[in-house]
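# Close look at the chain arrangement
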Amino acid sequence: MRLVQLADGADLAEWRSRARALLAGGVPPEQVAWQVGGQAGLLPADTGAPAAAMPAGVAGSVPREFLVLATRVLAHADARRHAVLYRLLWRLAHGERALLRIVTDDDVAWALRAAKAVSREKHKMKAFVRFREVQEAQGNVFIAWFEPEHDVLPQVAPFFVRRFAGMRWSILTPTRSAHWDGQALTLGGGASRADAPGADALEDLWRTYFANIFNPARLKVDAMVKEMPVRYWKNLPEATLIPGLIRDASARMEAMVQAPPTVPRKTYPAPAVRPVAATGGLETIRAEAAACRACPLWQPATQTVFGEGPADARVMLLGEQPGDQEDLAGRPFVGPSGQLLDRALKELGLDRRAMYVTNTVKHFKFESRGKRRLHARANAAEQAACRRWLEAELLRVRPGWIVCLGAMAAQAILGKDVRLQEARGRWHALGDGTQALATVHPSYLLRLTPGEREVAWPAFVRDLAVLRRALDA
């Protein structure tokens, strides 16, 4: 019998090294005892030194899904986890290559249940960790106490680094601790509840918020306890309110039913929008659009991105709204989407300079993520506010063909009920004799995986080829 002592029972690299050495030495699972820490008993301790070569007929690699499974199973609290994983490894290496797909196998079933329990515990940790602020000389630090059922902190700590990268914090558990100083993540030994702070100034505010969002009409105690098990309550500040909220739920719900209808607040008409000048060319309209304040989008944007191209263009390319680079340059389709559009037009021998290029919405709408500005879709009110500028462009350019790039553009021309995938790739006659063609926006292609793009790109080019044939007719 061989005794294998592990310094860290959840460390995949350590377990993998020892298991591979045993496997290379031909030591069967029934002759191995696993131990985490502690003192060795009467059994001979395994040195961990790998053998010179693998036994004949034994594969030197295992499926990647086994390593994924092992990472989760090693975090489980059950002491059998190392032995079960080594049995699985031994069987995989000795010819049972499809073993992990046999979910009725005792070892596989146990490992899958353990992995599921660990995944569930990781999710609960993300949901139920509560930081408390502690003032220190070098700045405030946020400390949380959590009592996980399984050893999941090393796997979950990177999530908190991404989520709270801008603050210093520590998460303490009975078996481990994790510390982030704003630059590096370090793992340490376990702690006690006394090492974590008590209530801080924000907890009363948090409890007030929790009480106000509690909806007695939607209370399902069994479902709530399933999602928020009682064993976590002792470390959740809002949990002190739960018994009272449950007790009073029926009375509060009855009061809501008996309450008189809410009287709508008085509404005020929106400020009148100055009409677009009836005379003047595109430059006149461009100047008026630059001063547009009909919706809030002008405030964070750098500038209005109006259309460009010949005033007598036969073709109008209509996109959805400007992106980051368009906002900075003040010109439509100059960013990655524009480059992709130019590539497609060039493949078909179409000259973009002969076309009028514009967007349905004239300002860049975005959400800030650190230093990045991420695209956000303009809502119906914002699209409606820009509608008059698009109509002015259509009136002055009077194109014979309109190519709608994206669903927003298609709905602006063909109606709000149009479905892009059903309408794309064919001409639609408008009331004034203009023909409209719908296809996807180039930014859609940029969001696809390389494999998906290989399929979507030819379809996009085929849609634009419909315009090529119309111009050649």
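Predicted model, so just to flag it, every value in this text is computed and none were measured. (Residues numbered from 1 in each chain as written. Predicted model: local features only at pLDDT ≥ 70, side-chain atom pairs only at ≥ 80, totals over all residues. Heavy atoms only, no water.)

### So, the overall build of the chain
The helix and strand inventory of the chain stands at 17 helices and 14 strands. Relative to the globule expectation of 23 Å for 473 residues, the C-alpha radius of gyration of the chain, 32 Å, shows a markedly less compact shape. Seen along its three principal axes, the alpha-carbon backbone of the chain occupies a region of about 100 × 70 × 50 Å. Among the 473 residues that make up the chain, the fraction classed as buried is 45%. (Helix = DSSP H or I, 4+ residues; strand = E, 2+ residues; numbered from the N terminus. Rg over C-alpha atoms; globule rule 2.2 N^0.38 Å. Buried < 20%, exposed > 50% of the residue type's maximum accessible area, 1.4 Å probe, protein only.)

### Quick look at the pattern of salt bridges
Close approach of charged atoms allows side chains with opposite charge to pair. Counting across every chain of the model gives 30 salt bridges. Note that K124 and E227 form a salt bridge whose closest N and O atoms lie 3.6 Å from each other. Placement of the pair is K124 in helix α4 (residues 106–128) and E227 in helix α7 (residues 221–227), with a sequence separation of 103 residues. In this structure, the salt-bridge partner of E283 is R286, at a minimum N-O distance of 3.6 Å. Here E283 pairs with R286, and both are found in helix α10 (residues 282–290), just three residues apart, close to one helical turn. Exposure remark for R286: the relative accessible area of 28% places this residue in the partly exposed category. Salt bridges linked by common partners bring R87, R91, E96, D105 and D107 together as one network. (Salt bridge = Lys/Arg side-chain N within 4 Å of Asp/Glu carboxyl O.)

### Things to note about the packing of aromatic side chains
For the coordinates displayed, the defined rule picks out 15 aromatic pairs. Ring pairing ties together the aromatic residues W15, W34, F66, Y86 and W90, which thus form one cluster. In this arrangement the basic side chain of R293 is found over the ring face of W298, its NZ or CZ atom lying 4.0 Å from the centre. Residue placement shows R343 over the ring face of W457; its charged tip is 4.2 Å from the ring centre. (Phe/Tyr/Trp six-rings, centres within 6.5 Å; stacked < 30°, edge-to-face > 60°. Lys NZ or Arg CZ within 6 Å of the ring centre and 35° of its normal.)

### Some remarks on the sheet that holds strand β6 (residues 176–180)
The strand order β3-β4-β5-β6-β7 describes an open sheet built from five strands, whose pairing is mixed. In this open sheet, the two strands that pair with only one neighbour each are β3 (131–134) and β7 (185–189). Each adjacent strand pair in this sheet contributes to an overall mean axis angle of 20°, direction not counted. Alignment of β6 against β7, held across five bridges, turns out to be antiparallel. Across the sheet, the residue bridging to W180 is L185, located in β7. (Pairing = 2+ DSSP bridges. Axes fitted to C-alpha atoms, helices over the stretch in contact; angles between N-to-C directions.)

### Quick look at the confidence of the model for the chain
When pLDDT is averaged across the chain, the result is 90; 92% of the residues are at 70 or more. This model gives residues 49–59 a pLDDT under 50, and the stretch forms 18 contacts once residues within four places in sequence are excluded. (pLDDT = per-residue confidence, 0-100. Contact = heavy atoms within 4.5 Å.)

### Points about the sheet that holds strand β13 (residues 427–429)
A sheet is described by the order of its strands in space; here five strands give the open sequence β9-β8-β12-β14-β13, paired in mixed fashion. Of all the strands in the sheet, just β9 (356–359) and β13 have a single pairing partner and so form its edges. Adjacent strand axes in the sheet meet at a mean angle of 25° when their direction is disregarded. Bridge analysis of strand β8 (residues 315–319) against β9 gives four bridges, and the strand direction is parallel. Opposite L317, over in β9, you have V357 as the bridge partner. Contacts from helix α13 (residues 380–397) reach β8, β9 and β12 (401–405) within the one sheet, and its direction differs from that of β8 by about 170°.

### Section: helix α5 (residues 153–163)
Within α5 the residues assigned to the buried category are L153, V156, A157, F160 and V161. Seen from one end, α5 has its buried residues packed into an arc of 160°, which puts them on one side. On its buried face, α5 is in contact with α4, β3, β5 (169–172), β6 and β7. (Arc of directions from axis to C-beta.)

### Observations concerning the nonpolar core
Within the largest apolar cluster, 59 residues are counted, with the highest numbers of intra-cluster contacts made by L317, L341, V403, F460, L464 and L467. When residues of this core are assigned to their parent elements, the largest contribution, nine residues, is made by helix α17 (residues 450–472). Once you skip the residues sitting within four places of it in the chain, L467 turns out to touch V315, L350, M355, W401, V403, W427 and L437. (Core = buried A, V, L, I, M, F, W, Y, C linked by side-chain atoms within 4.5 Å.)

### Comments concerning the environment of A196
Within the fold, A196 resides in the loop between β7 and α6 (203–213). On the basis of relative accessible area, A196 is assigned to the buried category, the value being 11%. Sequence separation between A196 and E454 is 258 residues, and the spatial gap between their C-alpha atoms is 54 Å. What A196 contacts, discounting residues up to four positions off in sequence, is I143, W145 and L172.

### Digging into the pairing of strand β14 (residues 435–439)
Taking burial as the measure, the five residues of β14 include four buried ones, the bulk of the element. Bridging between β12 and β14 involves five bridges; their strand directions are parallel. Bridging across to β14, V403 finds its partner in L437. Direction of pairing for β13 relative to β14: antiparallel, over a ladder of three bridges. Bridge pairing in β14 links H428 to A436. Between the end of β13 and the start of β14, which pair antiparallel, lie five residues, with G433 showing a positive phi angle near 95°.

### Section: the side chain of H76
Positionally, H76 belongs in the loop between α2 (64–73) and α3 (81–93). Overall, the relative accessible area of 15% leaves H76 in the buried class.

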